[in-house]
Amino acid sequence: MPAPNHSAEKVFQIDRSQAFSLDHTLSCGQVFRWERSADWWYGVVGSTPLRVRQDGRKIRFSGADREFVEWYFSLDLNLRDVISTISLDPVVKDAVRRCRGLRIVRQQPWECLASYIGATYSNIPMVRRRVELLSAEFGEAQEFEGKKVYGFPPPEKIAEASIEALTCCKMGYRAPYLKKTAIKVMDDPAWEDRIQSLPYREARKELQEFDGIGKKAADCVLLFAFQKYESFPVDVWIHRIMQKNYGQGSPGALTDRGYEQIGMFAREYFGKYAGYAQEYLYCNRQSATGSTPACGR
DNA sequence: CTCCAGGAGGGTT
DNA sequence: AACCCTCATGGA
C-alpha cells in the first residue's frame, strides 16, 4: 500500500480506455465514510482524510498522493474487461449501464471488518452513523480543509473501550462483538496477510471466526478489503434480485442453504468477477426490485 | 401501531 | 444440517 502523503491539491487524467465514476463508486453503499458536498467528495480512509472530485477524465484531489488515490479506487484494474465478462444478460447489462464506472475500492481491512460488524441487520444510513460515532469517540482528531475530522479508531482503542461506550455509539447488541473482534485482531496482527494469502473459501471461513462476522459480512470484507472478486455477498436486496431474475435462492426468507446456493450459482454463471456483478446489481437495486430504498445519497 | 434494514449467535431438534 | 428465537435502533 502506498503511503498517504498530505499535500496541496493535485490532478491527474484517467486513461481514455478506462471507465470510472466517482459518484457511483462512493454512493453505492460499499463505503460509509464518504460524503458529497457540492462538487467534492470528502472522506476518511483509515486515518487519512481526503477530498476528491471528478470532471470528466480529470481527477482533482488533496490529502494524499496520486499513487494512493489510484490504488484506493482500483484504477489499475481494467474495468472494461471485467464488465465484458459479467455482462451476460439484460439484467446485468441494465445495471452496468445505469451504474457505469462503478469500481470496488480497496478498503482498509480493519476498518472494513469493524464497519461490517455494525452493518448487520441494519440499513446504510444507520451504519454510516455508527461508524461516524465510533470515529468521533475513539478516533484521532485531525484538521482537514478547515474542518475537524476523525480517523477510524485503531483496534487498540476499541479493544480497551467499555461496552457502555460502544453502546453509546449505537452499536447495540453488536457492541460486545466489536470489542471481542478488536481484541482478537490485536492478538493476531498477521491476520491480514493470512486472509490475503488464503483462497476465497478458506479466507471466508477464517473471517467467520471473528465475533459478529457471518457469511455475508465475511463476503463483504473479502470483496471490499481483499479484492477476492469471486465473493458474492447476499443481503436481502441481492436475494430478492436473484430470486426474481435468476430463480435462485430460497423462497421467502434467505436460508443458510439458499445463501450458499446463490453464491455457487453466481460464481459459476458470472465467473471470477462475480463480486463485480453483485455490486452493479446492488447499486441498481431500486430499479431491479421496483422499490425505492435510501440510496446513500 | 407494524414493518423493515448490506445478519449473526445460540439453542433445540 | 435445518429450524426456531432474540438481539438494538431508527425511519417509514
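Parameters and conventions
- For every chain, the first residue of its written sequence is number 1, and the numbers climb from 1 along that sequence.
- Whichever chain is written first is A, and whichever ligand is written first is 1; the rest continue in order.
- With pLDDT at 70 or above as the cut-off, local features in this predicted model cover only qualifying residues; side-chain atom pairs require 80 or more to be listed or tallied, and sums for whole chains, interfaces and linings still use all residues.
- Excluded from the side-chain calculation are hydrogens and water; included are all heavy atoms of the structure.
- Pairing of aromatic side chains here covers Phe, Tyr and the six-membered ring of Trp, requires ring centres within 6.5 Å, and sorts the geometry by plane angle: under 30 degrees stacked, over 60 edge-to-face, intermediate tilted.
- Helix and strand definitions here come from DSSP, where helices need a minimum of 4 consecutive H or I residues and strands a minimum of 2 consecutive E residues; each element is numbered from the N-terminal end.
- Only protein chains enter the accessibility calculation, which uses a 1.4 Å probe; a residue is then buried when its area is under 20% of its type maximum, exposed when over 50%, and partly exposed in between.
- Whether a charge sits over a ring depends on NZ of Lys or CZ of Arg being within 6 Å of the ring centre and within 35 degrees of the ring normal.
- Cavities and pockets were defined on a 1 Å grid built from protein atoms only: a cavity is a group of points that admits a 1.4 Å probe but offers it no way out, a pocket is an open group of points flanked by protein on both sides within 12 Å along at least five of seven lines, and a lining residue is one with an atom within 4 Å of any such point.
- Grid points are joined across faces, edges and corners, and a volume is the space filled by probe spheres set on the points.
- The nonpolar class holds Ala, Val, Leu, Ile, Met, Phe, Trp, Tyr, Cys and Pro. Asp, Glu, Lys and Arg form the charged class, and all remaining residues, Gly among them, are polar.

Caption draft 1: Main features of the packing of aromatic side chains. This model, assessed by the stated rule, comprises 22 aromatic pairs. Ring centres 6.1 Å apart and planes at 35 degrees place the aromatic pair Trp-34 and Tyr-72 in the tilted group. Here Trp-34 is found in strand E2 (residues 34-37), whereas its partner Tyr-72 is found in helix H2 (residues 66-72), with 38 residues between them in sequence. On the basis of relative accessibility, which here comes to 2%, the residue Tyr-72 falls in the buried class. Taking 5.6 Å as the distance between ring centres and 40 degrees as the angle between the ring planes, the aromatic pair formed by Tyr-229 and Tyr-273 counts as tilted. Linking Tyr-229 in the loop between helix H12 (215-225) and helix H13 (236-246) with Tyr-273 in the loop between helix H14 (256-270) and helix H15 (274-283), this pair joins segments that are 44 residues apart in sequence. Three or more aromatic residues link up through ring pairs in this structure, and these residues are Phe-20, Trp-34, Phe-68, Trp-71, Tyr-72 and Phe-73. Taking NZ or CZ as reference, Lys-147 lies 4.2 Å from the ring centre of Tyr-42, over its face. The residue whose ring lies beneath Arg-285 is Tyr-282, and the NZ or CZ to ring-centre distance is 4.0 Å.

Caption draft 2: Here's a closer look at empty space enclosed by the protein. On inspection of all chains with the given rule, the structure shows one cavity of 30 Å³ or more. One number sums up the size of the largest cavity: a volume of about 90 Å³. Along the walls of the largest cavity sit 13 residues, with Val-31, Val-44, Tyr-72, Gln-107 and Glu-111 positioned nearest its centre. Of all elements in the fold, only strand E3 (40-45) and helix H5 (109-117) reach the threshold of two or more residues within the lining of the largest cavity. Ranked by residue count, the leading element in the lining of the largest cavity is H5, at three residues. Among the residues making up the lining of the largest cavity, the classes are represented as seven nonpolar, four polar and two charged.

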